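Close look at the chain arrangement
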Amino acid sequence: MKRLAMAAMMIVAGLAAQGLTPGQEQKFEVSAGQTLEVDLETGGSIRITGVDGNTVTVKSSVRGSDMREADFRVEKTGRGVSIESEYEGSRKHWSGGVDVDVTVPRRFNVELETTGGGITITGVEGEFEGSTMGGGLELKNIKGVVKMSTMGGSVNLSDSEVNGELSTMGGRVVFRNVKGDVKGSSMGGDVVYDNVTRANGASTTKPVEITTMGGDITVESAPAGADVSTMGGDIGIASAAGRVKAKTMGGDIEIEALDGGGKVTTMGGDIEVRMVGNPASGDRSVELESMGGDVSLVVPDGLSMSVEIEISYTKNSSRDYKIVSDFPISVSETPEWDYKSKGGGRKVITGTGNIAGGKNKIKISTVNGQVTLKKGK
């Protein structure tokens, strides 16, 4: 116990010698539109809140026994306010950190970097740039331009009006009630877009772009189309217009309402697409491809289309595959097994037809799956 007490005294003494006391509050008079710079080489969380007035207030707390060797500085600069922590000991690794809690004027720019901790920004308007090596990004009620990333945490953006990009290497990305052109990406988590519109509240003019290496993708609305892909998850789009490109290497794809066309591909799942809207407007061509699942397409009544359907099935499969269509199409099947193909022999069922003039190309293919083409109500 005496050793622990002595160590604690040494930590406080070392920090006090540099003008820092744990929990100390420091205030600086600034101008709106200036910049807060935070660089925590020692790691630590950062929380920033916008408030009325022209004052930056900094509160800090220290974690870990190694911080007695750290240099922590808070100072006013020509640009605004700077906060830095730097480990000056001889060791390359440490177990400490400095967490900072900052209030800034509501209109203020932010530049952040920490080697390990979460970043939270609330109620600020400006330009936001930063990264963390191991924590989440929580952004709420912000406005401006954002470019931020995390190496190992979730990303949550809500109730905001921003343009830019947010990314994570290993977490979930959620955009909810967001206005602006903003892109989210994850290397290993789900991506969810819920109520993302243009800054004026109208539908965005840019397609929704989402990429993840290992998670589901959920989009509530893509009024200008979408280009989404995942290496290992399901894709769900509630509503989309224009062209949609959706691809997964290992999951199902469902588009509940597509007022347009596009290309949908899965290497190992089912596909369900329902086309809606005026059947005579725009390009309604679609290509649906599954390498191992059922495919279902519902089209508007009166759609002019040229239909090409192909089902390949292997001899060792356990189901009786067929094409089910509400439209008159010609169906044929190869009589002999093709043993040159993989899977121990293969046959192909083909369906073709011209409906109402054949304007839009409808191409559907699957392996060991059923195909259903229905007429919408």
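What you are looking at is a predicted structure, and each value in this text was computed from that prediction instead of being measured. (Residues numbered from 1 in each chain as written. Predicted model: local features only at pLDDT ≥ 70, side-chain atom pairs only at ≥ 80, totals over all residues. Heavy atoms only, no water.)

Topic: the layout of surface pockets
Its boundaries defined by the atoms lining it, the largest pocket holds a volume of some 200 Å³. For the lining of the largest pocket, the secondary-structure elements that each account for two or more residues are β15 (182-186), β16 (191-197) and β17 (208-212). Partitioning the lining of the largest pocket into residue classes produces 5 nonpolar, 3 polar and 4 charged. (1 Å grid on protein atoms, 1.4 Å probe; cavity = no way out; pocket = protein on both sides within 12 Å on 5 of 7 lines; lining within 4 Å. Points joined across faces, edges and corners; volume = space filled by probe spheres on them. Helix = DSSP H or I, 4+ residues; strand = E, 2+ residues; numbered from the N terminus. Nonpolar A, V, L, I, M, F, W, Y, C, P; charged D, E, K, R; others polar.)

Structural notes on the packing of aromatic side chains
Aromatic ring pairs are reported here in terms of the distance separating the ring centres and the angle at which the planes meet. For the structure shown, the criterion picks out 3 aromatic pairs. Plain terms: the ring middles of Y313 and Y321 are 6.0 Å apart, the flat faces sit at 45° to each other, and that makes the pair tilted. As far as the burial class goes, Y313 and Y321 line up, both buried. Here the aromatic residues Y313, Y321 and W337 are joined through ring pairs into a cluster of three or more. (Phe/Tyr/Trp six-rings, centres within 6.5 Å; stacked < 30°, edge-to-face > 60°. Buried < 20%, exposed > 50% of the residue type's maximum accessible area, 1.4 Å probe, protein only.)

With respect to a negative patch on the surface
Where like charges cluster on the molecular surface, the negative patch consists of D216, E220, D234, D252, E254, E256, D270 and E272. On the secondary structure map, D234 appears in the loop between β19 (226-230) and β20 (235-237). (Patch = residues over 30% accessible without salt bridge, like charges linked within 9 Å, V, L, I, M, F, W, Y side chains within 5 Å. Areas by Shrake-Rupley, 256 points an atom, 1.4 Å probe, with all protein chains shown as cover. Salt bridge = Lys/Arg side-chain N within 4 Å of Asp/Glu carboxyl O. Lys, Arg positive; Asp, Glu negative; His and termini not counted. Charge placed at Lys NZ, Arg CZ, Asp CG, Glu CD.)

Points about the pairing of strand β26 (residues 305-314)
Among the 10 residues in β26, 7 count as buried, and that is most of the element. Relative to strand β30 (residues 360-367), β26 runs parallel, the two sharing 8 bridges. Residue S312 lies in a different strand from β30, and its bridge partner there is V367. (Pairing = 2+ DSSP bridges.)

Details of the nonpolar core
I48, I83, I121, M148, F175 and L297 are the most contacted members of the largest nonpolar core, which totals 80 residues. For this core, the element with the most residues is β26, which contributes 5 residues. Residues within four places of M148 in sequence aside, it is in contact with L112, I119, I121, F128, E129, G130, L137, L139, E165, L166 and S167. (Core = buried A, V, L, I, M, F, W, Y, C linked by side-chain atoms within 4.5 Å. Contact = heavy atoms within 4.5 Å.)

Examining a nonpolar patch on the surface
A cluster of nonpolar side chains, contributed by M133, M151, M169, M187, M213, M231, M249, M267 and M291, occupies part of the molecular surface with about 840 Å² of accessible area. Mapped onto the secondary structure, M231 falls in the loop between β19 and β20.

Overview of the side chain of S285
Among the secondary structure elements, S285 is positioned in the loop between β23 (271-275) and β24 (286-290). According to the relative accessible area criterion, S285 is buried, its value standing at 18%. A polar side-chain atom of S285 sits 3.1 Å from the main-chain amide nitrogen of K361. For S285, the contacting residues outside a window of four places in its chain are R243, G261, G262, N360 and K361. (Polar contact = N/O pair within 3.5 Å; in protein donor to acceptor, adjacent residues only side chain to side chain.)

Considering the pairing of strand β29 (residues 346-355)
Residue alternation in β29 divides its side chains into a buried set, K347, I349, G351, G353 and I355, and an unburied set, R346, V348, T350, T352 and N354. Here 10 bridges tie β26 to β29, and the two strands are oriented antiparallel to one another. Opposite I309, over in β29, you have G351 as the bridge partner. Strand direction decides the pairing type here: strand β28 (residues 330-333) and β29, joined by 4 bridges, are antiparallel. Across the sheet, V331 pairs through a bridge with G351, a residue of β29.

What about the pattern of salt bridges?
Enumeration over the complete set of coordinates arrives at 14 salt bridges. Of the charged contacts in the structure, one is a salt bridge between D101 and R47, with a shortest N-O distance of 2.3 Å. Of the two residues, D101 is situated in strand β7 (residues 97-105) and R47 in strand β3 (residues 46-51); the sequence distance between them amounts to 54 residues. Where R284 meets D259, a salt bridge forms, and the shortest distance between an N and an O atom there is 2.7 Å. Placement of the pair is R284 in the loop between β23 and β24 and D259 in strand β22 (residues 253-266), with a sequence separation of 25 residues. Via salt bridges that share partners, E25, K27 and K59 belong to a single interconnected network.

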